[in-house]
Amino acid sequence: MTEKYPDSLKGSKSLLAKYLTPEMFEELKDKKTSNGFTLSDAINSGVQNPDSGIGVYAGDEESYEVFAPLFDKIIEDYHGFTKNDKHISNLNPNDLDALNPDSNGEYILSTRIRVGRNVADIPLGTAILKDQRQKIEKDVSKVLISFSGSLAGKYYPLNNMSEADSQSLIAEHFLFKAGDRFLEAAGLNKDWPNARGIFHNDDKTFLVWINEEDELRIISMQAGGDIKEVFTRLTTAIAEIQKSVKFAYDEHLGFITSCPTNLGTALRASVHIKLPKLGENMDEFKSIADKHNVQIRGIHGEHSDSEGGVYDISNKRRLGVSEVECVQDMYDGVVALIKREKELSL
Ligand code: ADP
Ligand code: ARG
């Protein structure tokens, strides 16, 4: 147990550093959840990586109560969501008003929507035991390989995959990368690569990551900008998986995830989109993105850079807004960005 307020937080701009005062540290430092998850476990990623944006991870649902003074502040800052707010889920694609924002295919290369899910009544990946992790892999992959029709596919365990295959899946944006330092310090890479893997259908339009940052990441993706088709496939897949797997869900916090940025819907809807002109005007690009609650990432996932003027644009809010609203945020942001890119190209 860390006895002393961590020095590395002193110059850090993370939300952890912003809200963990020395007084709060004293108040929380000896607390633990029934799975034995401590404050030092929760903050280690941000302590080891002072360049974190957030810096904390939960070990289980209880972490959000036991360490509430810290988590509540971070949740409020990131999502604008407070104790009195209510989270409501809406996975009905008919409620989504999002025609392809780029019907001529000039800007959007691909669309992807993912949700994070964790299995109810066991710890999150940060505090999970090896046999629990293995059981998830076994149970979930069994469910997935039983799917038929357009969701039918195969499960590829990481510990049985050649380096060349994993590298090409990563380069094509289908598979998670190994060795993320934020996940490493959060304890999420323990016993890697065992019990990790990816399920996908033949077209690689429906994919499930097993035991990465969350126990499940359910993904729908395809080339082009048909957001509604991608969302419809995702919601169908979630409903199918949910028939056999019970997910951790809380009335207030929605779907429980290891990182507080993913709570609520745990949904990130993104496009890979060509915006070279805006890319030369980053201040304006960021201000349009902020106004529309969208985030700008590079094209090889979080903490990567843009290449050739292509960016990953996605919804920022996930809690206190429904899944339909998350996708709508991304859609509205993309429409505004395309409009400005066109003006800058005249
Ligand atoms: P997450 O989606 O789980 O938040 P990342 O930002 O690390 O995590 O992205 C995971 C992978 O998904 C990366 O390979 C990234 O390039 C890919 N990806 C994200 N959005 C899209 C998209 N719209 N089209 C194609 N690939 C995408
Ligand atoms: N822990 C990392 C940070 O604080 C990532 C936070 C958000 N992203 C995520 N994949 N959970 O910068």
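Residues numbered from 1 in each chain as written. Chains lettered and ligands numbered in written order. Predicted model: local features only at pLDDT ≥ 70, side-chain atom pairs only at ≥ 80, totals over all residues. Heavy atoms only, no water.

Draft legend 1. Geometry of the site of ligand 2. Around ligand 2, the neighbouring residues are Ser52, Gly53, Ile54, Gly55, Tyr57, Phe182, Glu213, Cys259, Thr261, Asn262, Glu302 and His303. Residue Tyr57 places a side-chain N or O atom 2.7 Å away from a nitrogen atom belonging to ligand 2. Compared with its free state, where it exposes 340 Å², ligand 2 has 91% of that area covered by protein. When its residues are assigned to classes, the shell around ligand 2 shows 4 nonpolar, 6 polar and 2 charged. (Near = heavy atom within 4 Å. Polar contact = N/O pair within 3.5 Å; in protein donor to acceptor, adjacent residues only side chain to side chain. Areas by Shrake-Rupley, 256 points an atom, 1.4 Å probe, with all protein chains shown as cover. Nonpolar A, V, L, I, M, F, W, Y, C, P; charged D, E, K, R; others polar.)

Draft legend 2. Here's a closer look at the nonpolar core. In terms of nonpolar packing, the biggest core is built from 53 residues, with Phe206, Ile218, Ile241 and Ile313 touching the most fellow members. No other element matches helix H12 (residues 323-345), which puts 9 residues into this core. Residue contacts for Ile218: discarding those within four places in its chain leaves Ile113, Arg114, Val115, Arg117, Phe206, Leu207, Val208, Leu234, Ala237, Ile238, Ile241 and Phe247. (Core = buried A, V, L, I, M, F, W, Y, C linked by side-chain atoms within 4.5 Å. Buried < 20%, exposed > 50% of the residue type's maximum accessible area, 1.4 Å probe, protein only. Helix = DSSP H or I, 4+ residues; strand = E, 2+ residues; numbered from the N terminus. Contact = heavy atoms within 4.5 Å.)

Draft legend 3. Seen up close, the site of ligand 1. Near ligand 1 lie 18 residues; those nearest to it are Ser110, Arg112, Arg217, Ser270 and Arg297. Within the backbone of Glu302, one N or O atom sits 3.1 Å away from an oxygen atom of ligand 1. Protein chains shield 92% of the accessible area of ligand 1, which is 560 Å² for the free molecule. Residue assignment for the shell around ligand 1 shows that the elements contributing at least two residues are strand S1 (108-117), strand S5 (216-223) and strand S8 (267-274). Among the residues forming the shell around ligand 1, the class breakdown is 4 nonpolar, 7 polar and 7 charged.

It is worth stressing that arrangement in space is one thing and function is another; only the former is reported here.
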